[in-house]
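# Working through the structure, step by step
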Amino acid sequence: MNSDALAERLFQDTIGALEMYAVYLGDQLGYYRVMASSDWFTADDLAERSGTASRYCEEWLSHQAVREIVEVQDVRAQPRRYRLPAEHVPVLADPDSLLNSTGNALNLARFGRRLPELVEAYRAGNAPPAMPWGPEGRAEANRAVFLNLLGKQWLPSIPELDQRLRVPGARIADIACGTGWSSVAMAQAYREASVDGIDLDGDAIEEAKRHARDSGVADRVRFVAGDAAGFGAGQRYDLVTIIEALHDMAQPVAALRAVREALADSGSVLVIDTRTEDEFTVPGTAYEQLEFGWSLLACLPDAMEPGSAATGMVMRPSTLRRYAAEAGFTEVRVLPIDTPYWRFYELVA
């Protein structure tokens, strides 16, 4: 790539970055939700419905129009009227849609705030301060994926596991459960099972408890703040899941060892993690470019404690197999569940 091409690419990337910040504003201020009816709105209309300032609304709507996210009824009219097309609602205003992309904008804003701290962490070789919960809370980018696919398609596609989880008294442990949507989804799918969710983030655990209550499964889902390496003492589980989290752990082998010791007879361990290439390649795939980017900002820095495995988000299959072997598992199987972004590993004790 020559210098002109690189400069042009970075110019286009800047436009894209600013678009994601505008999406953040539209999500946090409720603009997309207000416009989800696909009615026509002036800036004053949007300001009144959202409780924000009209002049800001006009600038935001103008940006969204030139980026073709919203439509304009008549570009010469004053005041102009704008509409969010119905086909854009799933991406921007429907939290239950698999296409919803507002979580990425929220994460970019949250992690952008820590860039000065990352500069110092990179120099020192340590972890930056933990991300504060506020003001937005943690992005729930996988909520729709879990509620629509985890318990309804993915787990039922593993026949022996699906049958086991339908037996009264079945027990599931959801390691690094975050705000709990994976745990809730499994409890909704398997009405005879109980689910224990564990996560280091106490704020996320409190949010998970609220989600369980609101979803009507709090009687079968229990959430605890704690370390994966220390979980499960004296407990036995039919299924243990670690979803998009093993690569974030400072001590993945210790976590997997604790998981193996907590398995019931014939219990299963399911690790769902990024669908990386088998080897480093240049140029990387679109997903690998994305994963290395998030790893720079979040996954690697958050794990950089003394003695850390320092895996990073791009955890290749060979790395997972090594961790599993060191933890005492005898085999790692890649399951035939096809998604463009995750790979499903079954670990055999």
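Structure: above.
Figured I'd write up the structure that's included with this text. (Residues numbered from 1 in each chain as written. Predicted model: local features only at pLDDT ≥ 70, side-chain atom pairs only at ≥ 80, totals over all residues. Heavy atoms only, no water.)

### Some remarks on the pairing of strand β4 (residues 194-199)
- Where burial is concerned, most of β4 is hidden: 5 out of the 6 residues are buried.
- Where strand β3 (residues 171-175) and β4 come together, 5 bridges link them in parallel fashion. Bridging across to β4, Ile 175 finds its partner in Ile 198.
- Considered for its hand, the β-α-β crossover made up of β3, helix α10 (residues 181-189) and β4 is right-handed.
- With 5 bridges joining them, β4 and strand β5 (residues 221-225) adopt parallel strand pairing. The residue bridging Asp 199 from the neighbouring strand is Ala 225, located in β5.
- The β-α-β motif built from β4, the intervening helix α11 (residues 202-214) and the parallel element β5 has right-handed crossover chirality. (Buried < 20%, exposed > 50% of the residue type's maximum accessible area, 1.4 Å probe, protein only. Helix = DSSP H or I, 4+ residues; strand = E, 2+ residues; numbered from the N terminus. Pairing = 2+ DSSP bridges. Right-handed = clockwise from strand over helix to strand, strands pointing away.)

### Looking at the packing of aromatic side chains
- A complete count under the given rule lists 8 aromatic pairs for this structure.
- With a centroid separation of 6.1 Å and an interplanar angle of 65°, the aromatic rings of Phe 111 and Trp 294 are classed as edge-to-face. With Phe 111 in helix α6 (residues 102-112) and Trp 294 in helix α13 (residues 286-302), this pair connects stretches of sequence that are 183 residues apart.
- A residue is classified by how much of its surface remains accessible, and Trp 294, at 15% relative accessible area, is buried.
- Ring geometry for Phe 280 and Phe 292: centres 6.3 Å apart, planes at 85°, overall edge-to-face. (Phe/Tyr/Trp six-rings, centres within 6.5 Å; stacked < 30°, edge-to-face > 60°.)

### Here we look at the nonpolar core
- In this structure, Leu 150, Trp 154, Leu 155, Leu 239 and Trp 342 are the most contacted members of the largest nonpolar core, which totals 36 residues.
- Of all elements in the fold, only α8 (143-154), α9 (159-165), α10, α11, β5, β6 (237-243), β7 (263-274) and β9 (342-348) reach the threshold of two or more residues within this core.
- For Leu 155, the contacting residues outside a window of four places in its chain are Leu 150, Leu 161, Asp 162, Met 186, Tyr 190, Leu 239 and Leu 270.
- If you look at the next biggest cluster of nonpolar residues, it comprises 29 residues, including Ala 245, Leu 246, Val 271 and Tyr 345. (Core = buried A, V, L, I, M, F, W, Y, C linked by side-chain atoms within 4.5 Å. Contact = heavy atoms within 4.5 Å.)

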